[in-house]
Amino acid sequence: MAFISSGYNPDKPMENRLTDMGPRHFEEFYPEVIKNNKGKWLYHEILKPGVLVHVAESGDEVYTVRVGGARLMSVTHIREICDIADKHCSGHLRFTTRNNIEFMVDSKDKVAPLIKDLESRKFDGGSFKFPIGGTGAGISNIVHTQGWIHCHTPATDASGTVKATMDKVFSDFQNMRMPAHLRISMACCLNMCGAVHCSDIAILGYHRKPPMVDHAYLDKMCEVPLAIAACPTAALKPKKVDLDGTTVNSVEVNKNRCMFCGNCYTMCPSLPLADKDGDGIVLMAGGKVSNRISSPKFSKVVVAFIPNEMPRWPTMTKKITDIIEAYAADARKYERLGEWAERIGWERFFEKTGLEFTHHLIDDFRDPAYYTWRQTTNFKF
Ligand code: SF4
Ligand code: SF4
């Protein structure tokens, strides 16, 4: 395509340069009923999965219809979202913190036509464009990351694993049969962009092989001390390497100390470690961020390794649904997955979910590992 200038002058890059304006103020985009009743809401109800009503002191009502979004979306799709908002919601809409989309209307008679319109829209492949749900004690959207779409450090894919999982748990997106919210999150490496460390169930990309060392380029590409300091287990040390007669500065990886975190590659492009057979998925469970009843919790590793099985990850989705079904059948009302596992004991969690307990699950990272072992005779056979 031929170049079309926006008016920016590359010869005078600082001329007419606008900066530090920040985001638009959110009040500019309020629907009328939200603007009028801001800070004066009395109560809310979930009318059915995906549909909420909030009632204000003035008696005003706002009905919210929540629909799933793939997060990664085309401008075409966003335009379609805008068309729906223009048609039903005076041009207003919002996105949630789990990347669902919410359409709001100010009277009950506008809800049914909106729902009918949303349910009628499908992609050519058959998937719902705007499935309604994600409220109450069900499974809402999966918070996830870049994967093979855009990042350079992933050990698995984000959009692919998420679509495969949401397809399997789709009825729970549209239902509220769980004991409590069940949050699933996904991160494609253990940088853990997002919420995997604090979710009921978490999908995490994991390597199993130490980095390769590109001695020829390492000293040219990397600040060696940064790579050394990036390693949580001190598996790297500086080393002089003989390369076809010339001595170059590089690093040596102590493979017995490396646990494949990939931090050194983040610092140094000459230490790549992605591997088709080595890489896969770890599952974690039992985290939460709310303070309801129990304090927030980290999620714990419950499955040490599942291979990457593109494009549908069947082993992974099977183990996820095993955990969900055991929890749904056994937990008490309001009990989050982590509260359930801690009440029944983790040994019972493994028994009820049918997951295999392996030595990989036993913490061995520094002094705090000790506190994760059992220093009591209280356990169940
Ligand atoms: S979790 Fe890791 S691989 Fe995924 S987007 Fe974040 S840094 Fe990249
Ligand atoms: S992958 Fe992680 S553990 Fe292994 S050498 Fe690099 S920083 Fe250290």
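In what follows, the structure referred to is the one given above.
Residues numbered from 1 in each chain as written. Chains lettered and ligands numbered in written order. Predicted model: local features only at pLDDT ≥ 70, side-chain atom pairs only at ≥ 80, totals over all residues. Heavy atoms only, no water.

Caption draft 1: Structural view of the site of ligand 1. Ligand 1 sits among Thr145, Gln146, Cys151, Thr153, Pro154, Ala187, Cys188, Cys189, Asn191 and Cys193. In the shell around ligand 1, the residues fall into six nonpolar, four polar and no charged. (Near = heavy atom within 4 Å. Nonpolar A, V, L, I, M, F, W, Y, C, P; charged D, E, K, R; others polar.)

Caption draft 2: A look at the nonpolar core. Membership of the largest hydrophobic core comes to 39 residues, with the highest contact counts inside it found for Leu182, Ile184, Leu283, Val302, Ile324, Leu337 and Phe349. Listed by contribution, the elements that provide at least two residues to this core are helix H4 (159-168), strand S6 (184-187), strand S7 (201-206), strand S10 (280-285), strand S11 (300-307), helix H9 (314-330), helix H10 (337-344) and helix H11 (346-353). Element by element, the count of residues in this core is highest for H9, at six residues. In this structure Ile184 touches Arg98, Ile139, Asn141, Ile142, Val143, Thr165, Ile201, Ile203, Ile320 and Ile324, once residues within four positions along its chain are discounted. One finds Ile81, Ile84, Ile101 and Val105 within the second-largest nonpolar core, a separate group that totals 19 residues. (Core = buried A, V, L, I, M, F, W, Y, C linked by side-chain atoms within 4.5 Å. Buried < 20%, exposed > 50% of the residue type's maximum accessible area, 1.4 Å probe, protein only. Helix = DSSP H or I, 4+ residues; strand = E, 2+ residues; numbered from the N terminus. Contact = heavy atoms within 4.5 Å.)

Caption draft 3: How the structure looks around the state of the cysteines. Inspection of the entire model under this criterion finds one disulfide. Disulfide pairing places Cys222 opposite Cys268 at an S-S distance of 2.1 Å. Judged by the sign of its S-S torsion, about 70 degrees, the cystine formed by Cys222 and Cys268 is right-handed. One end of the pair, Cys222, is in the loop between helix H6 (215-221) and helix H7 (224-230); the other, Cys268, is in the loop between helix H8 (263-267) and S10, and 46 residues separate them in sequence. Residues Cys222 and Cys268 agree in their burial class; the two are buried. (Disulfide = S-S within 2.5 Å.)

Caption draft 4: Seen up close, the site of ligand 2. Lining the immediate environment of ligand 2, one finds 13 residues, of which Cys231, Cys258, Cys261, Gly262 and Cys264 sit closest. In a pocket analysis with a 2 Å cut-off to the grid points, ligand 2 is assigned to the largest cavity. Each residue belonging to the shell around ligand 2 can be placed in one class, and the counts come to 10 nonpolar, three polar and no charged. (1 Å grid on protein atoms, 1.4 Å probe; cavity = no way out; pocket = protein on both sides within 12 Å on 5 of 7 lines; lining within 4 Å. Sits in = over half its atoms within 2 Å of the grid points.)

Caption draft 5: Quick peek at the pairing of strand S1 (residues 41-48). By the bridge criterion, six bridges tie S1 to strand S2 (residues 51-56) in an arrangement that is antiparallel. Its bridge partner being in S2, Glu45 is matched across the sheet by Val53. Taking the residues that link successive antiparallel strands as the turn, the S1-S2 hairpin has two residues, and the phi of Gly50 there is positive, at about 90 degrees. (Pairing = 2+ DSSP bridges.)

Caption draft 6: Geometry of the layout of surface pockets. Considering only enclosed or pocket space, the largest pocket measures out at about 1900 Å³ in volume. In terms of lining residues, the largest pocket is bounded by 43 residues, among which Val301, His360, Leu361, Ile362 and Asp363 are the most central. For the lining of the largest pocket, the secondary structure elements donating two or more residues are S7, S10, S11 and H11. The element that contributes the greatest number of residues to the lining of the largest pocket is S11, accounting for five residues. (Points joined across faces, edges and corners; volume = space filled by probe spheres on them.)

Caption draft 7: Examining the sheet that holds S6 more closely. The strand order S6-S7-S10-S11 describes an open sheet built from four strands, whose pairing is mixed. Among the strands making up the open sheet, the edge pair consists of S6 and S11. Adjacent strand axes in the sheet meet at a mean angle of 20 degrees when their direction is disregarded. Note that S7 and S10 share six bridges and pair antiparallel. Counterpart to Ala202 in the pairing with S10 is Met284. (Axes fitted to C-alpha atoms, helices over the stretch in contact; angles between N-to-C directions.)

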